[in-house]
Amino acid sequence: MRIALPLAVVFALVVPALADDAANTTDPLPPKEVAFPFQGPFGTYDREQLQRGFQVYKEVCSACHSLNRIAYHDLDGIGFDAAQIKALAAAAKIPAEPNDKGETYDSDGQRLTRPGIPADTLPAPFANEKAARANNNGALPPDLSVIVKAREGGAAYVYSILSGFGQKPPPGFHVLANKYYNPYFAGRNISMPPPLTEGAVTYSDGTTASVDQEAKDVVTFLSWASEPKMEERKRMGFEVILFLLALAGLLYLSYRRVWRDMH
Amino acid sequence: MATTNTAEPTRRDFIHIATGTVAAVGVGLAAWPFIDQMNPSSAVLALSSVEIDIGSVQEGQQSVFMWRSKPVFVRRRTKKEIAEAEAVSMNDLPDKLARNLNLPEDAPATDKNRIEKPEWLVVIGICTHLGCIPLNNQGEFGGYLCPCHGSQYDTAGRIRKGPAPENLAVPPYAFIGPTKLKIG
Amino acid sequence: MSGNSTYEPKNGLSRWLDARLPIMRLAHDTMSTFPTPRNLNVWYTFGGILTFCLGVQIVTGIVLAMHYTPTAAAAFDSVENIRREVNYGWLLNFIHSNGASMFFLAVYLHMFRGLYYGSSKAPREVLWILGVIIYVVMVATAFLGYVLPWGQMSFWAATVITNLFTSLDQIIPHLGGAHDPGLGTTITQWLWGGFAVGDPTLNRFFSLHYLLPFVIAGLVVLHIWALHVPGNNNPLGIDVKGPQDTVPFHPYYTVKDGFYLCLFVILFAFLVFFAPDFVGNPDNYTTANPLVTPPHIVPEWYLLPFYAMLRSIPQKLVGVLVLFGAIATLLFVPWLDTSRVRSMRFRPMMKQFFWIFVADCILLGYLGSQEPQAVWHLGGVDMPLLWPARIGTLYYFAFFWVIMPVIGLIETPRPRPDSIAASVLGNAQAAE
């Protein structure tokens, strides 16, 4: 609960610090301190970074994670033009509607597909939750459409998870079967194998694909996906607040004038 | 208190008028999102053009496709139907305009102006009277009969009899292959 | 509504209308010429601000309902669709969700103001009680609305709050035979329309969430009616003695309310445009899952004090009674306050208890936001947060049921000015 923060500040002054339960090695570390250029009231997205992040999603994450709420036409928000969107959509295999014989599977049991159109949403890697779990040792890779908003810590948390693999567990820590050690994850045992590697993607703009760079790029893309209207929101916010300040000034003058004779 | 008594009322009025005007403009601007939210959303607009395959339509048959949530009739006309449609005199047409969004507004309603290829009639299947869907291959003119109020259309989708004021509209479309159509 | 109208129809049409439906006369007398104490301060602007809030919630709510789907399968997606695809949907959604918080911020300031200046005391008891009823319906509406996005917090809030009624099983454990459900379970299943929160629950919550704001609007009309019979209280708490004590509502308070409303809207806009998720909870961005409860569930901030009270009581039924009792207590305030003096400005002792009460409410709010098993270290001693919550709950009830009546009887109030006009002029002279 983010509202608890200011309240906590108030009470930190009058009450002793909250107890830190005997430091437990299964408690997650706080997310890394990292600032993204899209944060803050003036923050906007770097279109090239968004497209690099989309590339990381498409070539790495999308093997397990869906992005159900993003349609191809939405990708105009990360700077693709109509022709690029159409090409991206056409390259995708969308589960087809029943054909003239009413079939959705071919004779080999394969799902019939058709090329996508801009109105289609990005296809999910698994047909349903059970299929997703069956392919991931029982774990369910969450949909990433609002992942940045759905996690306490937001972009910094997702970045910490993605770049937090490969650390040595503290002595005595038990890494469970089919799990991986990630100190930023609740319980520190995460079902997701380390997804990003050096050079996992090849960026067309020449950016070096380090794990850190890939993590930052894909977190930027996922932040955009969580709220594609963020830039519009901030821009309108400035206009609205400037207008309201002007109106407040005028109202104040009116108010003083009306009340002037009353004191 | 430096202002004179004669100047003061106008200045006072000005401030109130300015405040009221700015507040009214603010309310007016704030109304727009409430109005615009009812317009088609970006998801709906993304469907505004569709590509369809008409290869499976047999001669004398028609298939119905959806475009912008409206039925589009794609009818593969027989030689006889084409000949009938071409033979109609302009004087027999209640609506003399082609109503073809691919042509200028004043194009006459000849059969040629109603189609792209003689074999294929592509029209929006909504009666121009009050929006019902006409029945295929019915009525006196071999084209369509609207079940609601009896409007009758010929094999070029032109109104011939009944209350409908206009010919069935021809949507914007183009052939992008021998049997591939892009509508919208 | 006070009977002595000053409305004079200006032309034939308005005379014609006035003889048939004197609606212009009503508007004129209640919103324009209504005599209002000339000393109302900033804390008296929240009535207008609250009317604005209600209007904003109704208007944004109506348009959001045009795009929302009240089924368990589609609700979450339809809200995301509003934020992503509907024209300005994100704006309408953020105004509505943050509007609830702004509404409660304003209503709490309005209530504290009424408490401080003794606005509940005779002859305004009915006005105060109507206000408490409005507040209760607001809480119900906000709770129902919070369920609609069908995120994890929505679902578990619905589950926990409706389960409050199962405490009635402790009164009647079985309706019928030994295997029949009790009174509380029966009521809860009736609320759910099933054996757990689900599709029928969501659908009826949507229906009621749409209905209740109009009930509030009706109650607001009664509230204003009950205000206009005795007229406004004021920071001095003394009665209006004549025309020299009042000014017409318009333009004096329309412009003053308008100015403070504009400041309020600036804060509102800041939340909507720059911190739209500040009062929200990340868990509500995850679709409702009836199999997994989030590790730390909390209500919205405006209900946290009551949540802290509920959790501080170890017995289920008593906890629920305390929760509802805390709100019901407010209904008795006009009679619990035994003082001859309305305004705490002239009540040095009561004023201090009042500010402790305000701090107590904030403390309870903070405690309600903490995890139930949280512990404070006080100089080497571990204190579970349960204890401050219990003390806070105790003070909440003691404030109304003990302190308020007792202090009213034993306190010697400070002298009050003879009239509002004398006070205003005196202040002006003092300021010069």
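Nothing here was measured: the structure is a model prediction, and the numbers come from that model.

Visitor: In this structure, what is going on with helix H6 (residues 125-147) of chain C? I would like to understand it.
Guide: In an α-helix, one turn spans 3.6 residues; hence positions three or four apart end up facing the same way. Between its first and last C-alpha, H6 of chain C extends 34 Å over 23 residues, near the 33 Å set by a 1.5 Å rise per residue. Within H6 of chain C, 17 of the 23 residues are buried, which leaves the element mostly enclosed by the surrounding structure.

Visitor: Would you mind showing me how to read the domain arrangement of chain C here?
Guide: Interface size is commonly expressed as the accessible area that is lost once the parts come together. All names here are of chain C. The domains assigned to chain C are domain 1 (23-295) and domain 2 (300-336 + 348-412). For domain 1 and domain 2, the distance between their C-alpha centres works out to 22 Å. At the junction of the two partners, domain 1 supplies 27 residues and domain 2 supplies 26 residues. When the buried surface of domain 1 facing domain 2 is broken down by residue, Phe-112, Tyr-116 and Leu-164 rank first, second and third, together holding 22% of it. On inspection of domain 1 and its partner domain 2, the count reaches zero salt bridges. Summed over the shared surface of domain 1 and domain 2, the result is six residue pairs in polar contact (both at pLDDT 80 or more). Contributing elements (two or more residues each) for the side of domain 1 that touches domain 2: helix H5 (89-116) and H6. Of the residues that constitute the side of domain 1 that touches domain 2, the class distribution is 20 nonpolar, six polar and one charged.

Visitor: Explain the environment of Leu-29 of chain A to me, please; I cannot follow it from the model alone.
Guide: All names here are of chain A. Residue position: Leu-29 is located in the loop between helix H1 (4-14) and helix H2 (47-59). A residue is classified by how much of its surface remains accessible, and Leu-29, at 35% relative accessible area, is partly exposed. C-alpha separation for the pair Leu-29 and Ala-91, spaced 62 residues apart in sequence, amounts to 41 Å. The contacts of Leu-29, once residues within four sequence positions are left out, are Pro-183, Tyr-184 and Arg-188.

Visitor: Which parts of the structure should I look at to understand helix H11 (residues 304-312) of chain C?
Guide: Residues and elements named next belong to chain C. Of all the nine residues making up H11, eight are buried; the element is thus mostly covered by neighbouring parts of the structure. Those residues of H11 not exposed but buried are Leu-304, Pro-305, Phe-306, Tyr-307, Ala-308, Met-309, Leu-310 and Ser-312. In the core, the buried residues of H11 are packed alongside H5, H6, helix H12 (316-328), helix H14 (348-369) and helix H15 (386-410).

Visitor: Help me out: how do you make sense of the packing of aromatic side chains in this one?
Guide: The description of an aromatic ring pair uses the distance of the two centres, along with the angle that the planes make with each other. Applying the stated rule across the entire model yields 51 aromatic pairs over all chains. A ring pair is formed by Phe-238 of chain A and Phe-274 of chain C, whose centres lie 5.0 Å apart and whose planes are at 65°; its orientation type is edge-to-face. Residue Phe-238 of chain A is located in helix H8 (residues 230-259), and its partner Phe-274 of chain C is located in helix H10 (residues 249-274); the two belong to separate chains. Overall, the relative accessible area of 19% leaves Phe-274 of chain C in the buried class. Judged by centre distance (5.4 Å) and plane angle (80°), the ring pair of Trp-259 of chain A and Tyr-252 of chain C falls under edge-to-face. Of this pair, Trp-259 of chain A sits in helix H8 while Tyr-252 of chain C is found in helix H10, placing the two residues in two different chains. In this structure an aromatic cluster arises from ring pairing among Tyr-44, Phe-112, Tyr-116, Tyr-117, Phe-354, Trp-355, Phe-357, Tyr-395, Tyr-396, Phe-397, Phe-399 and Phe-400 of chain C. It is Arg-113 of chain C that lies over the ring of Tyr-44 of chain C; its NZ or CZ is 4.2 Å from the centre. The residue whose ring lies beneath Lys-256 of chain C is Trp-259 of chain A, and the NZ or CZ to ring-centre distance is 5.4 Å.

Procedures and definitions
Numbers given to residues run from 1 along each chain, matching the order in which its sequence is written. Both sets of labels track the order of writing: A upward for chains, 1 upward for ligands. The model is predicted, so local features are restricted to residues of pLDDT at least 70 and side-chain atom pairs to those at 80 or more, both for listing and for counting; the totals for chains, interfaces and linings are taken over all residues. Think of the side-chain values as coming from all heavy atoms in the structure, minus any hydrogens and water. Secondary structure counts use DSSP, requiring at least four H or I residues in a row for a helix and at least two E residues in a row for a strand, with both numbered from the N terminus. Multiplying 1.5 Å by the residue count of a helix minus one yields the expected span of that helix. Whether a residue is buried, partly exposed or exposed follows from its accessible area with a 1.4 Å probe, protein chains only, as a fraction of its type maximum: under 20%, in between, or over 50%, in that order. For the domains described, the bounds stem from an automatic or database domain assignment. Two residues form a contact once any of their heavy atoms are found within 4.5 Å. Accessible area, probed at 1.4 Å, shrinks when two parts are joined; the buried area is that loss added up over both. Each reported salt bridge corresponds to a side-chain nitrogen of Lys or Arg within 4 Å of a carboxyl oxygen of Asp or Glu. Any pair of nitrogen or oxygen atoms within 3.5 Å is treated as a polar contact; in protein, a donor-acceptor pairing is required on top of that, and neighbouring residues in sequence qualify only through side-chain atoms on both sides. Gly is put with the polar residues, along with every residue not named as nonpolar or charged; the nonpolar set is Ala, Val, Leu, Ile, Met, Phe, Trp, Tyr, Cys and Pro, and the charged set is Asp, Glu, Lys and Arg. When the centres of two rings from Phe, Tyr and Trp lie within 6.5 Å, Trp using its six-membered ring, the rings pair. Their planes under 30 degrees apart give stacked, over 60 give edge-to-face, and anything left gives tilted. Throughout this description, the term charge over a ring refers to an Arg CZ or Lys NZ atom that lies within 6 Å of the ring centre and within 35 degrees of the ring normal.

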